[in-house]
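Chain by chain, the residues run as shown.
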Amino acid sequence: MMDFEYDIKQCIDTLSKGGTILYPTDTVWGIGCDALNENAIKKVYDVKHRPANKSFIILLADSRDILQYVAAPPPDIIAMLDDFDRPTTVIYDGALGFPEILTGEQGSVAIRVTSDPFCKALIKRFRKPIVSTSANISGEPTPAIYNQVSEEIRSGVDYIVQYRRDDEAISPPSRLIKITDDGEITILRP
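Now for a look at the structure at hand. Keep in mind it's a predicted model, so treat the numbers as computed, not measured. Counting from 1, residues in each chain are numbered in the order their sequence is written. Side-chain atom pairs in this predicted model are given and counted only at pLDDT of 80 or more, local residue features only at pLDDT of at least 70, and totals for whole chains, interfaces and linings cover all residues. Only hydrogens and water are removed before side-chain values are computed, so all heavy atoms of the structure are retained for them.

1. Observations regarding the side chain of Arg-112
- By secondary structure assignment, the location of Arg-112 is in strand 5 (residues 109-113).
- We define a polar contact as two N or O atoms separated by no more than 3.5 Å, with the added condition that, inside protein, one atom must be a possible hydrogen donor and the other a possible acceptor, whereas residues neighbouring each other in sequence contribute only through side-chain atom pairs. A distance of 3.5 Å separates the side chain of Arg-112 from the side chain of Thr-27, its partner in a polar contact.
- Not counting residues within four places of it along the chain, the set of residues in contact with Arg-112 comprises Thr-25, Asp-26, Thr-27, Ile-57, Ile-58, Leu-59, Leu-60, Pro-87, Thr-88, Thr-89, Ser-132 and Ser-174. Helix numbering and strand numbering both begin at the N terminus, where a helix is a DSSP run of H or I of at least 4 residues and a strand a DSSP run of E of at least 2. Contact between two residues is taken to exist if any of their heavy atoms lie within 4.5 Å; hydrogens are not considered.

Rendered as structure tokens:
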């Protein structure tokens with residue numbers, strides 16, 4: 001059994017108070033917050049020095065959760081998501097329930113259903129989606145492992161997860177695709 005119970009409790013406490021976390025994902029180390037809290041999302045933009053017109057990825061714990069956050073997903077979306085063989089972020093039109101700061105003027109949203117045990121446990125226990133953006137200053141290299149995260153990022157977040165800090169295994173960023181309401185898939189980042 002992976003021992004991340006302490007981290008889960010600290011993350012939930014931090015996220016519930018509108019704070020930001022630095023945490024390992026199924027791809028790279030990320031900065032996260034409550035994806036439904038506009039002020040928390042603004043904090044993440046500040047930590048990253050990121051332009052407000054560049055959106056973030058949202059993590060969900062289960063493919064069925066897509067139905068709650070996307071207005072008109074393709075009818076077979078759950079089967080499609082469950083068939084992915086690697087981390088894949090999907091851009092959907094018709095985002096539901098997210099602050100406009102996450103969806104932009106087009107109302108689209110980038111969502112990844114995570115397979116990472118820590119992220120899955122955190123999201124299920126928090127009962128809300130969380131933001132996931134690479135833990136770097138905007139424009140700088142993406143940190144694949146904790147040791148690559150800059151001091152500026154580390155000091156800018158409210159809680160840093162202890163779990164997996166020693167990992168040396170490097171995972172690529174997620175594949176990025178867009179799925180239209182009728183199920184047409186466009187690959188944006190292989």
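2. Some remarks on helix 1 (residues 5-16)
- The end-to-end C-alpha distance of helix 1, which contains twelve residues, comes to 16 Å, matching closely the 16 Å that a straight helix rising 1.5 Å per residue would cover.
- Burial status follows relative accessibility: with a 1.4 Å probe on protein chains alone, a residue under 20% of its type maximum counts as buried, one over 50% as exposed, and anything between as partly exposed. Those residues of helix 1 that sit buried are Asp-7, Ile-8, Cys-11, Ile-12, Thr-14 and Leu-15. Axial view of helix 1: buried residues confined to an arc of 165°, hence all on one face. Facing away from the buried side of helix 1, by more than 90 degrees, are the exposed residues Tyr-6, Lys-9 and Ser-16.
- On its buried face, helix 1 sits against strand 1 (21-24), strand 2 (29-32), helix 6 (117-126), strand 6 (130-134) and strand 7 (159-160).
- Two residues or fewer after helix 1 comes Gly-18, characterised by a positive phi angle close to 80°. The span you would expect from a helix comes to 1.5 Å times its residue count less one. Working note: the arc is built from the helix axis to C-beta atom directions.

3. Re the layout of surface pockets
- A pocket here means an open set of points on a 1 Å grid, computed over the protein atoms alone, that has protein on both sides within 12 Å along at least five of seven lines. A cavity is instead a set of points where a 1.4 Å probe fits but cannot get out; residues with an atom within 4 Å of a point line either one. Grid points are joined across faces, edges and corners, and a volume is the space filled by probe spheres set on the points. Quantified by volume, the largest pocket comes out at close to 730 Å³.
- Arg-50, Ser-55, Phe-56, Ile-57 and Thr-133 are, among the 39 residues lining the largest pocket, the residues nearest its centre.
- At four residues, helix 5 (residues 100-103) tops the list of elements feeding residues into the lining of the largest pocket.
- Any residue that is not Ala, Val, Leu, Ile, Met, Phe, Trp, Tyr, Cys, Pro, Asp, Glu, Lys or Arg is counted as polar, Gly included; the first ten are nonpolar and the last four charged. Among the residues making up the lining of the largest pocket, the classes are represented as 14 nonpolar, 17 polar and eight charged.
- Quantified by volume, the second largest pocket comes out at close to 190 Å³.
- Along its surface, the second largest pocket is lined by 16 residues, and Leu-81, Phe-84, Arg-86, Val-113 and Ser-115 are the ones closest to its centre.
- Contributions of two or more residues to the lining of the second largest pocket are made by helix 4 (77-83), strand 4 (88-92) and strand 5.
- When the residues that make up the lining of the second largest pocket are grouped by side-chain class, the tally is seven nonpolar, four polar and five charged.

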